[in-house]
Amino acid sequence: METKVLVTADSTCDLPVELCERFGIAKIGLWVGFGEKMMQDDGSLSSRDVYDYYAKTGNLTKSAALSIQEYTDFFKRFTDEGYEVVHVNISAELSSTHQNAVLAAQSLPGVSVIDSRHLSSGQGLVAIKCATLAQEGKSAAEIKEIVDQYKHRVSTSFVLDTLQYMARGGRCSAMTAFGANLMKIKPTIIMPDGKLIVGKKYRGKLANCLKEYVSDTLTADREYELDRIFITHSGVDDPQILEDMKAQILSLVPFREVHITQAGITVSTHCGPNTVGILFVTK
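As the structure is a prediction and not an experimental result, all values here were calculated from the model.

Working note: α-helix, 3.6 residues per turn, so residues spaced by three or four point in the same direction. Along its 16 residues, helix α5 (residues 120-135) runs 23 Å from first to last C-alpha, staying within 8% of the 22 Å computed at 1.5 Å per residue. For α5, the tally of buried residues reaches 13 of 16 residues, placing the bulk of the element in the interior. G137 sits one or two residues past α5 and shows a positive phi near 95°.

Chain-level pLDDT for the protein is 91 on average; 92% of the residues reach the 70-or-more range. Overall, residues 169-180 carries pLDDT values under 50, and its contacts beyond four positions in sequence, including any with other chains, amount to 17 contacts.

Right, let's get into a negative patch on the surface. The grouping of D237, D238, E243 and D244 at the surface amounts to a negative patch. With respect to the helices, strands and loops of the structure, D237 is situated in the loop between β11 (229-233) and α10 (240-252). Taking the relative accessible area as the measure of exposure, D237 reaches 65% and is therefore exposed.

To continue, consider the pattern of salt bridges. A full pass over the atoms with the stated rule returns 14 salt bridges. D193 is the partner of R117 in a salt bridge, and the nearest nitrogen-oxygen pair spans 3.6 Å. Taken together, the positions of R117 in the loop between β7 (111-115) and α5 and D193 in the loop between β9 (185-190) and β10 (197-203) put the pair 76 residues apart, joining distant regions of the chain. For D193, a relative accessible area of 49% corresponds to the partly exposed category. In this structure, K138 engages E136 in a salt bridge whose closest nitrogen and oxygen atoms are separated by 3.8 Å. K138 gets classed as partly exposed once you look at its relative accessible area, which sits at 27%. When salt bridges that share partners are traced, they join E93, D115, R117 and D193 into one network.

As a further point, take the sheet that holds strand β5 (residues 62-64). Spatial ordering of the open sheet is given by β4-β3-β5, a layout of three strands whose pairing is antiparallel. With one partner strand each, in any of the chains shown, β4 (37-40) and β5 form the two edges of the open sheet. When strand polarity is set aside, the average angle formed by the axes of neighbouring strands in this sheet is 35°. Across three bridges, strand β3 (residues 31-34) lies against β5 in antiparallel orientation. Bridge pairing links G33 to K62 in β5.

Moving on, we get to the side chain of S112. In this fold, S112 is placed in strand β7. Other than its neighbours up to four places away in sequence, S112 contacts V85, V86, H87, A140 and K144.

Bringing the packing of aromatic side chains into the picture now. Counted under the stated rule, the structure contains six aromatic pairs. Taking 5.5 Å as the distance between ring centres and 65° as the angle between the ring planes, the aromatic pair formed by Y224 and F280 counts as edge-to-face. Remark: F280 occurs in strand β13 (residues 276-281) and Y224 occurs in the loop between α9 (206-217) and β11; sequence separation between them is 56 residues. The burial state of Y224 is the same as that of F280; both residues are buried. Grouped by ring-pair contacts, the aromatic residues Y71, F74, F75 and F78 constitute a single cluster. In this structure, K4 is placed above the aromatic ring of Y83, and the distance from its NZ or CZ to the ring centre is 4.3 Å.

A few words now on the side chain of T12. Inspection of the secondary structure puts T12 in the loop between β1 (4-10) and α1 (17-23). There is a polar contact of 2.9 Å between the side chain of T12 and the side chain of Q123. Excluding residues that lie within four positions of it along the chain, T12 makes contacts with L30, I90, L119, S120, Q123, T266 and V267.

Sheet strands line up and pair through hydrogen bonds in the backbone, either parallel or antiparallel. Here six strands make up an open sheet; going across it, the order is β10-β9-β8-β13-β11-β12 and the pairing mixed. Unpaired on one side and paired on the other, β10 and β12 (258-262) mark the two borders of the sheet. This sheet shows a mean twist of 20° between the axes of neighbouring strands, independent of strand direction. Sheet analysis places strand β8 (residues 154-159) next to β13, joined by six bridges and oriented antiparallel. Bridging across to β13, F158 finds its partner in G277.

For the rest of this paragraph, the subject is the packing of α5 against helix α6 (residues 140-150). Orientation of α5 relative to α6, taken along the N-to-C sense of each, is 145°, at an axis distance of 10 Å. Handedness of the crossing formed by α5 with α6: right-handed. Two secondary-structure elements touch here, α5 through L125, V126, K129, C130, L133 and A134 and α6 through I143, I146, V147 and Y150. For the contact of α5 with α6, a count of residues per class yields nine nonpolar, no polar and one charged.

Rules used throughout
Residues numbered from 1 in each chain as written. Predicted model: local features only at pLDDT ≥ 70, side-chain atom pairs only at ≥ 80, totals over all residues. Heavy atoms only, no water. Helix = DSSP H or I, 4+ residues; strand = E, 2+ residues; numbered from the N terminus. Expected span 1.5 Å × (residues − 1). Buried < 20%, exposed > 50% of the residue type's maximum accessible area, 1.4 Å probe, protein only. pLDDT = per-residue confidence, 0-100. Contact = heavy atoms within 4.5 Å. Patch = residues over 30% accessible without salt bridge, like charges linked within 9 Å, V, L, I, M, F, W, Y side chains within 5 Å. Areas by Shrake-Rupley, 256 points an atom, 1.4 Å probe, with all protein chains shown as cover. Salt bridge = Lys/Arg side-chain N within 4 Å of Asp/Glu carboxyl O. Lys, Arg positive; Asp, Glu negative; His and termini not counted. Charge placed at Lys NZ, Arg CZ, Asp CG, Glu CD. Pairing = 2+ DSSP bridges. Axes fitted to C-alpha atoms, helices over the stretch in contact; angles between N-to-C directions. Phe/Tyr/Trp six-rings, centres within 6.5 Å; stacked < 30°, edge-to-face > 60°. Lys NZ or Arg CZ within 6 Å of the ring centre and 35° of its normal. Polar contact = N/O pair within 3.5 Å; in protein donor to acceptor, adjacent residues only side chain to side chain. Left-handed = near helix turned anticlockwise from the far one by under 90°. Nonpolar A, V, L, I, M, F, W, Y, C, P; charged D, E, K, R; others polar.

This is the structure we're talking about:
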């Protein structure tokens, strides 16, 4: 009897419900602390709740990894039903979730854990690839072998409108954030080998910066997998910016699907409002 393969992923993959249903991906929510109150990143709260909490209290929400036991309980639901499980984590450089998921998998039969080396929809693209291979009848071992190469062709980057949240979370200095905001500098964050690195810095209004960013990122010297591209944001003040980005993207590269999606509360906790990225796969 052929073993069924189910793909699961951390909520940090930021895949909307309709894509999870389409590809058969089950998500598990990381935890976000609103002061002493821990809330699961399961879609019941949005990035707006994160920003409202900060505005009211002056304190940032804080993300927390899932425990080994939480992963064990989650995986066991599916292995008890006869599934092999392929789980896709946020980059191990950013969270202990991958280590905890690996330890949980060691106590269960048929669970493979993949470090996506990405976050948000970059991680989502890795999960979709896993799910597509599962639908083609590949085993968990075959999926892991293929995707361990595929994930290095995923491009994850985004532009920060403010460094305030990064500074309060200890990922950059308060002085750096103050200077960047004063000079209207909007840095690009890129993810070579799973790490967050500052890329090109733009200056000026967000809409203009994003236009330059799309033009710089979708260069003519790259070949693209045309199945899909994500425009993922953490909540933007002007939604027309996203539609303009979509039109610009399609004028440069004929992607068959352009998904405009919003990050969940875990990712939004660290990047702040008006963060926007484009995420895709190269050949």
